[in-house]
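Spelled out, the chains give:
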Amino acid sequence: MDASIHIDNLSKSYGTIQALKNINLDIHSGELFGLIGPDGAGKTTLFRLLATLLLPSEGVAKLCGIDSVAEYKKIRSFLGYMPGKFSLYQDLSVIENLEFFATVFNTRIEDNMDMIHDIWVQIEPFKNRLAGKLSGGMKQKLALCCALIHQPKILLLDEPTTGVDSVSRSEFWQMLKGLKKKGITIVVATPYMDEANLCERVALIQDGEILQVNSPAEIVEQFEKDLYSVKSDDNYQTLLDLREFEHTNSVFLFGQNLHFTDTRKQFAEDELKQYLKNKGRSNIVIEKIQASIEDCFMALSTKPEANE
Amino acid sequence: MNEKEKVIRVKNMYKKFGDFTANNDLSFEVSKGEIFGFLGANGAGKTTAIKILCGLSFPTSGEIKVAGFDVYTERESVKRNIGYMSQKFSLYEDLTVFENIRFYGGIYGLSKAEINSKADELLDKLDLQHARNKMISALPLGWKQKLAFSVAIFHNPEIVFLDEPTGGVDPVTRRQFWDLIYDASRAGITVFVTTHYMDEAEYCDRVSIMVDGKIEALDTPEKLKKQFNVDDMDQVFLSLARHATNIE
């Protein structure tokens with residue numbers, strides 16, 4: 001079963017604002033693919049184009065080999081789309097919403113129960129409650145059931161975990177892993193860099209452009225510089241000090257440490273230590289570390305050519 | 001920490017909605033200039049507590065003082081001495097940068113001369129003079145966030161409440177935002193912040209974690225990690241919040 005997505009030179013403008021700039025992307029059948037980028041990067045525009053809800057300004061998108069403009073109706077029959085905003089009927093009950101979506105797609109809940117079963121059992125106890133009265137996590141699960149009820153081949157999820165605490169986020173990713181086993185191609189957008197590692201491949205996207213497409217492991221491998229974690233008695237002061245250090249290439253706060261890269265190929269740890277000591281820092285610890293996706297994203301997005 | 005001035009004092013705070021206890025016996029103090037992280041899962045009761053501390057909602061019981069004022073009887077004084085910013089509500093999109101500053105300055109009773117000179121200072125600091133007469137809607141999100149924060153502390157409040165200020169913001173801008181937070185803290189403004197980014201929990205001086213209406217942990221990030229014998233705040237959070245029953 002082909003459930004691939006092929007995107008060729010896709011652009012979308014709103015008036016003078018170019019929301020997507022020449023996007024080229026191939027998403028494989030059955031892949032769990034992440035679209036990683038901040039608000040305003042163009043993730044939602046890309047989803048709406050793929051969901052046949054917007055017309056591209058230029059370029060082509062094909063889902064399962066079918067053109068998103070010429071044959072949009074065909075695509076809608078095998079596409080599941082969960083928008084970022086909760087878009088179910090708040091004044092219908094849980095079960096009424098699900099029945100509604102099943103009917104729209106000419107099918108019945110019972111014929112598709114195998115597809116949604118694992119998620120459905122979690123909200124079934126509330127099936128007679130109005131959708132508007134559900135808690136955030138429950139709404140999310142219902143929306144996912146409604147997006148799946150017609151057994152789509154491709155599932156688009158627009159920021160399903162935004163504003164959700166880290167416990168519910170990890171539960172949601174567990175559900176996605178379960179769906180992937182059923183062979184569905186899943187494209188999920190998220191502003192959380194750490195979620196990139198849960199995808200097979202990701203596209204890092206900012207300001208309407210794709211910075212990089214690769215597996216999380218390979219993105220991390222391609223980090224160009226040696227990365228060091230620096231820690232001291234006062235991390236914020238160390239950050240300010242390092243910004244003034246003549247060999248600093250980049251320095252960022254990173255949880256309990258600072259992440260630092262040097263402009264030189266040969267990094268002199270002792271020299272840096274001495275510099276910080278002279279600035280009055282103590283308990284200085286410097287370690288060479290492996291870059292994370294977030295390090296890579298920041299390095300790519302602050303490259304001169306990527307800047308506005 | 002005892003010698004430091006306490007700008008938030010909460011003792012045995014309860015908030016009940018019918019038979020549901022949203023805040024269950026909260027007690028904590030926050031010192032002047034401290035960056036205090038207020039964490040918890042969705043539905044743990046954070047928003048309820050913040051509303052009380054901002055003078056927008058009465059507690060059911062407890063002794064609560066914010067900036068030295070009582071949240072039962074001196075709510076207007078509480079409001080004058082705090083700033084507030086959230087991801088959802090910050091600036092008026094259809095006003096210009098300067099109009100927003102003038103509006104907030106006016107609300108807090110600053111004179112025209114004060115507003116003008118402070119606005120210049122602020123726009124210089126943020127490197128936004130060139131955008132002075134631009135509509136907020138035309139600004140990139142990162143600029144908006146920084147401006148929203150600066151406007152929230154424009155009247156030099158004792159405390160600023162930040163409710164998920166960095167949600168959805170790109171990682172570079174998110175860090176620039178924390179620069180502003182540190183800067184404010186060094187200027188003596190107490191920062192009370194909620195976030196879902198656990199790396200940001202590490203940037204706080206102390207962190208409290210709420211589960212089902214109660215504060216289950218409160219300490220420096222360093223000590224919490226030791227206490228739970230884990231490497232980062234994400235794991236501290238997960239080990240506490242997994243037991244929650246009031247999850248949304």
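Rules used in this analysis
Residues numbered from 1 in each chain as written. Chains lettered and ligands numbered in written order. Predicted model: local features only at pLDDT ≥ 70, side-chain atom pairs only at ≥ 80, totals over all residues. Heavy atoms only, no water. Pairing = 2+ DSSP bridges. Helix = DSSP H or I, 4+ residues; strand = E, 2+ residues; numbered from the N terminus. Domains from an automatic or database assignment. Axes fitted to C-alpha atoms, helices over the stretch in contact; angles between N-to-C directions. Contact = heavy atoms within 4.5 Å. UniProt positions renumbered as here; feature names shortened; annotations may be inferred. Salt bridge = Lys/Arg side-chain N within 4 Å of Asp/Glu carboxyl O. Nonpolar A, V, L, I, M, F, W, Y, C, P; charged D, E, K, R; others polar. Core = buried A, V, L, I, M, F, W, Y, C linked by side-chain atoms within 4.5 Å. Buried < 20%, exposed > 50% of the residue type's maximum accessible area, 1.4 Å probe, protein only. Phe/Tyr/Trp six-rings, centres within 6.5 Å; stacked < 30°, edge-to-face > 60°. Lys NZ or Arg CZ within 6 Å of the ring centre and 35° of its normal.

Caption draft 1: Here's a closer look at the pairing of strand β2 (residues 17–27) of chain A. Where strand β1 (residues 5–14) of chain A and β2 of chain A come together, 7 bridges link them in antiparallel fashion. Its bridge partner lying in β2 of chain A, I7 of chain A is registered against L25 of chain A.

Caption draft 2: The domain arrangement of chain A, seen in detail. Split by domain assignment, chain A resolves into domain 1 (5–215) and domain 2 (224–290). Domain 1 of chain A and domain 2 of chain A are separated by 41 Å when their C-alpha centres are compared.

Caption draft 3: Representation of the sheet that holds strand β3 (residues 35–40) of chain B. Residues and elements named next belong to chain B. Sheet architecture is open: 6 strands sit in the order β6-β7-β8-β3-β9-β10, paired in mixed fashion. Strands with a single pairing partner mark the edges of an open sheet, and in this sheet they are β6 (82–86) and β10 (214–219). When the angles between neighbouring strand axes are averaged without regard to direction, this sheet yields 15 degrees. As defined by bridge partners, β3 adjoins strand β9 (residues 206–211) across 5 bridges and the pair is classed as parallel. Note that in β9 the partner of F38 across the bridge is S208. Lying on the sheet, helix α6 (residues 171–186) is in contact with β3, β6, β7 (159–163) and β8 (190–194); it crosses β3 at an angle near 130 degrees.

Caption draft 4: Region of interest: the sheet that holds strand β12 (residues 248–254) of chain A. All names here are of chain A. With antiparallel pairing, 4 strands are arranged side by side in an open sheet as β12-β13-β11-β14. Two strands close off the open sheet at either side, each with one partner strand: β12 and β14 (285–289). The average angle at which neighbouring strand axes cross in this sheet is 25 degrees, direction not considered. Sheet strands in contact with helix α10 (residues 293–301) are β11 (227–231), β12 and β13 (257–262), and its direction is about 135 degrees off that of β12.

Caption draft 5: Representation of the UniProt feature "domain: ABC transporter" (unreviewed entry) in chain A in the model. Under the present numbering, the feature "domain: ABC transporter" (unreviewed entry) in UniProt falls on residues 5–232 of chain A. Annotated as residues 5–232 of chain A, this span is 31% helix and 29% strand, and its ends, taken at the C-alpha atoms, are 48 Å apart.

Caption draft 6: Highlighting the interface of chain A and chain B. Listed per partner, the contact involves 35 residues of chain A and 35 residues of chain B. At the surface where chain A touches chain B, the tally comes to 4 salt bridges. The partner of D179 of chain B in a salt bridge is R243 of chain A, and the shortest N-O contact between them spans 2.6 Å. Those elements that provide at least two residues to the side of chain A that touches chain B are α5 (136–148), α6 (166–180), α8 (235–244), β12 and α10 of chain A. Across the side of chain A that touches chain B, the residue classes break down as 14 nonpolar, 13 polar and 8 charged.

Caption draft 7: Expanded view of the nonpolar core. Counting residues in hydrophobic clusters, the biggest one holds 69 residues, and the most contacted among them are L147, F149 and I209 of chain B. Excluding its chain neighbours within four sequence positions, the residues that come into contact with L147 of chain B are L91, V97, I101, L122, L126, L128, I136 and L139 of chain B. Listed in part, the 50 residues of the second largest apolar core include M115, I149, M193 and L204 of chain A.

Caption draft 8: How the structure looks around the pattern of salt bridges. Applying the stated rule across the entire model yields 30 salt bridges over all chains. R174 of chain B serves as the salt-bridge partner of E294 of chain A, at 2.8 Å between the closest nitrogen and oxygen. Taken together, the residues E294 of chain A in helix α10 and R174 of chain B in helix α6 connect one chain to another. Pair check on accessibility: E294 of chain A and R174 of chain B agree, each one buried. Across the pair E200 of chain B and R174 of chain B runs a salt bridge whose closest N-O atoms are separated by 2.9 Å. In this pair, E200 of chain B is assigned in helix α7 (residues 198–201) and R174 of chain B in helix α6, connecting sequence segments 26 residues apart.

Caption draft 9: The arrangement of the packing of aromatic side chains in detail. Scanning the entire structure with this criterion turns up 19 aromatic pairs over all chains. Relative to F192 of chain B, the ring of F161 of chain B lies with its centre 5.0 Å away and its plane at 55 degrees, an arrangement referred to as tilted. Of this pair, F161 of chain B sits in strand β7 while F192 of chain B is found in strand β8, placing the two residues 31 residues apart along the sequence. As far as the burial class goes, F161 of chain B and F192 of chain B line up, both buried. Counting every residue linked through ring pairs, the aromatic cluster contains Y228, F245, F260, F267 and Y275 of chain A. Its guanidinium or amino end placed over the ring of F58 of chain B, R75 of chain B lies 3.9 Å from that ring's centre, counting from NZ or CZ.

Caption draft 10: Representation of the side chain of T96 of chain B in the model. Here T96 of chain B shows up in the loop between β6 and α3 (97–107). What T96 of chain B contacts, discounting residues up to four positions off in sequence, is R132, N133, K134, M135 and I136 of chain B.

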